[in-house]
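Here is how the chains run, residue by residue.
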Amino acid sequence: MAIFTPRANLFMNAALIGAVLLGACLLLAIRVVPVIGYNTQERFAPEQPIPFSHKHHVSGLGLDCRYCHTKVETSSSAGMPSTAICMTCHSQVWRNAAMLAPDRQSLAENIPLRWNRVYTLPDYVFFDHSIHIAKGVGCTECHGPIGDMDLTWKARTLYMSWCLSCHRDPAPHLRPRDQVTTPDWRRTPSTPSGEALMADYHVHTENLSDCGVCHR
Amino acid sequence: MKRRSAIALVGLTLALAACDNMANQARRNPYELPYGSQENWPVMPLATAVARDEPLKPPSPPPVTMALLERGRQRFDINCSPCHGRLGEGDGMIVQRGFPRPPSYNIDRLRNVPSQHFYDVITHGYGIMYSYADRVEPTDRWAVAAYIRALQASASASLADVPPDKQKALQ
């Protein structure tokens, strides 16, 4: 009796083709899955205890980022506004709005509001806001068009490749220091070139892509 | 035997897959709750606690320099102009949206108060205005006070106060 029936050829071919297809699918998945929005959470806006709108407060009222994110120039963390900061204005305007009830409760009970994070880096990455602000990297370079956001959504992947793409060539991303918080800043003919700013602010790229800069 | 190693292999693979490639480590980030903790966060400091870099007594007024005024303008535009307006007239954006109107800095009473008064208003608040002690550093408070003085001076300035070589540009 023959071990292989005539149909064995068919099975063999089917198995080979199947294996190749499976491999191709896996390779494709490895390339594609990390960059689809579901995984990077790009454009994703987590729900917040209060539907806070940067569009109204930043573009509408013209508030500077540093009014609320008070520590962004001096510390690694930008800092979230305390309840008292909201209450500076909302003790008088919109004082009875139901939307702001969690804020009033937080003030009365002396328990901070807990905002849900939009941007988070893994713990093995070291990041510092103050150095980027001091060297003229604008908030919108990393946080997107925040002046147009009703709910804050994530504008960048925060992948290592993204950090490196700028660290290797920061010049096109720099702006004059006094414009870092402007949400709708545009380069005009009179703005100094990126190279001039690099020299001005002493930005040196030689060591900026070393692993130890971000992984300490 | 073979069965057991197979089970072990599957088990170990699953365990490995559960690792979150070290994204969560024994490093406390700002605002991060201690792992598994239910406590209200952050724990309030003791009433008697002092911040690490806090100076022991308030700084005395620094000499007024151009750098101080520039710093004062920046801090004023960030923290005060939403209500008091860029020129200190009391007509900022928030006031236009219904916030009670603060007095203009150019009224006689505020022209005649010592600069210490501005420092104290920033530190302790005034009437319905909240304290800015958590937002404006002590040395910056003097910078803002100096800038308010500059705003007051420029509101009552005339052409004769401008240096002769700059007068042309204004005419």
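This text follows the structure it describes.
Residues numbered from 1 in each chain as written. Chains lettered and ligands numbered in written order. Predicted model: local features only at pLDDT ≥ 70, side-chain atom pairs only at ≥ 80, totals over all residues. Heavy atoms only, no water.

Let us now look at the overall build of chain A. The helix and strand tally for chain A stands at 11 helices and 0 strands. For chain A, the α and β elements follow one another from N to C terminus as α-α-α-α-α-α-α-α-α-α-α. Taking 216 residues into account, the globule formula puts the C-alpha radius of gyration at 17 Å, and chain A, at 25 Å, lies well above it. The principal-axis extents of the C-alpha atoms in chain A amount to approximately 95 × 50 × 35 Å. Looking at chain A residue by residue over its 216 residues, the buried ones come to 35%. Long-range contacts, defined here as pairs at least 24 residues apart, represent 66% of the contacts in chain A between residues at least 6 apart. Approximately 13,600 Å² of chain A is accessible, and the part contributed by carbon and sulfur atoms is 63%. Distance from the positive charge centre (19 side chains) to the negative charge centre (18 side chains) of chain A: 5 Å. (Helix = DSSP H or I, 4+ residues; strand = E, 2+ residues; numbered from the N terminus. Rg over C-alpha atoms; globule rule 2.2 N^0.38 Å. Buried < 20%, exposed > 50% of the residue type's maximum accessible area, 1.4 Å probe, protein only. Contact = heavy atoms within 4.5 Å. Areas by Shrake-Rupley, 256 points an atom, 1.4 Å probe, with all protein chains shown as cover. Lys, Arg positive; Asp, Glu negative; His and termini not counted. Charge placed at Lys NZ, Arg CZ, Asp CG, Glu CD.)

On to the interface of chain B and chain A, then. At the interface, 32 residues of chain B touch 32 residues of chain A. For the pair chain B and chain A, the two sides together bury roughly 2,700 Å², of which 56% comes from carbon and sulfur. A per-residue breakdown of the area chain B buries against chain A is headed by Ile78, Tyr130 and Arg135 of chain B, which together make up 22% of the total. Notably, a salt bridge pairs Glu73 of chain A with Arg75 of chain B, separated by 2.7 Å at the nearest N-O pair. Across the contact surface, chain B and chain A share 4 residue pairs in polar contact (both at pLDDT 80 or more). Those elements that place two or more of their residues in the side of chain B that touches chain A are helix 2 (66-79) and helix 4 (93-96) of chain B. In terms of residue count, the dominant contributor to the side of chain B that touches chain A is helix 2 of chain B (4 residues). (Buried area = accessible area lost by both parts, 1.4 Å probe. Salt bridge = Lys/Arg side-chain N within 4 Å of Asp/Glu carboxyl O. Polar contact = N/O pair within 3.5 Å; in protein donor to acceptor, adjacent residues only side chain to side chain.)

Right, let's talk about the nonpolar core for a bit. One finds Tyr67 of chain A together with Phe76, Ile94, Phe118, Val144 and Ile148 of chain B to be the most contacted residues of the largest nonpolar core, which totals 28 residues. Those elements that provide at least two residues to this core are helix 4 (65-68) and helix 5 (83-90) of chain A together with helix 2, helix 4, helix 6 (115-124) and helix 7 (138-155) of chain B. Looking at which element gives the most residues to this core, the answer is helix 7 of chain B, with 6 residues. (Core = buried A, V, L, I, M, F, W, Y, C linked by side-chain atoms within 4.5 Å.)

Time to look at the environment of Ile128 of chain B. You can see Ile128 of chain B is positioned in the loop between helix 6 and helix 7. Judged by its relative accessible area of 42%, Ile128 of chain B falls in the partly exposed class. For the pair Ile128 of chain B and Pro102 of chain B, spaced 26 residues apart in sequence, the C-alpha to C-alpha distance is 9.4 Å. Setting aside anything within four residues of it in sequence, one finds Ile128 of chain B in contact with Gln92 of chain A together with Phe99 and Pro100 of chain B.

This part covers the packing of aromatic side chains. Enumeration over the complete set of coordinates arrives at 6 aromatic pairs over all chains. Seen in terms of ring centroids, Phe52 of chain A and Trp115 of chain A are 6.5 Å apart; in terms of plane orientation they differ by 70°. Their pairing is edge-to-face. One end of the pair, Phe52 of chain A, is in the loop between helix 2 (37-40) and helix 3 (54-60); the other, Trp115 of chain A, is in the loop between helix 6 (101-109) and helix 7 (129-134), with 63 residues separating them in the sequence. Owing to a relative accessible area of 27%, Phe52 of chain A belongs among the partly exposed residues under this scheme. Among the aromatic residues, those joined into a ring-pair cluster are Phe76, Tyr105, Phe118 and Tyr147 of chain B. Of note, Arg216 of chain A hangs over the ring of Phe126 of chain A, and the distance from its end group to the ring centre comes to 4.0 Å. (Phe/Tyr/Trp six-rings, centres within 6.5 Å; stacked < 30°, edge-to-face > 60°. Lys NZ or Arg CZ within 6 Å of the ring centre and 35° of its normal.)

Computed from the structure, the second largest pocket encloses a volume of approximately 680 Å³. Considering the residues around the second largest pocket, the lining is formed by 25 residues, among which Asp64 and Arg66 of chain A together with Asp77, Ile78 and Arg86 of chain B are closest to the centre. Mapped by element, the contributors of at least two residues to the lining of the second largest pocket are helix 4 of chain A together with helix 2 and helix 3 (81-84) of chain B. Here the lining of the second largest pocket gets 7 residues from one element, more than from any other, and that element is helix 2 of chain B. Of the residues contributing to the lining of the second largest pocket, the split by class is 9 nonpolar, 8 polar and 8 charged. (1 Å grid on protein atoms, 1.4 Å probe; cavity = no way out; pocket = protein on both sides within 12 Å on 5 of 7 lines; lining within 4 Å. Points joined across faces, edges and corners; volume = space filled by probe spheres on them. Nonpolar A, V, L, I, M, F, W, Y, C, P; charged D, E, K, R; others polar.)

With that settled, consider the pattern of salt bridges. Applying the stated criterion to the full structure yields 8 salt bridges over all chains. Between Glu73 of chain A and Arg66 of chain A there is a salt bridge, and its shortest N-O distance comes to 2.9 Å. When its relative accessible area of 26% is taken as the criterion, Glu73 of chain A is described as partly exposed. Arg66 of chain A sits in the buried class, given a relative accessible area of 10%. Of the charged contacts in the structure, one is a salt bridge between Arg86 of chain B and Asp77 of chain B, with a shortest N-O distance of 3.4 Å. On the accessibility criterion, Arg86 of chain B (53% relative accessible area) is exposed. In this structure Asp77 of chain B comes out as buried when scored by relative accessible area, which is 18%. Three or more residues joined by partner-sharing salt bridges are found here, namely Asp64, Arg66 and Glu73 of chain A together with Arg75 of chain B.

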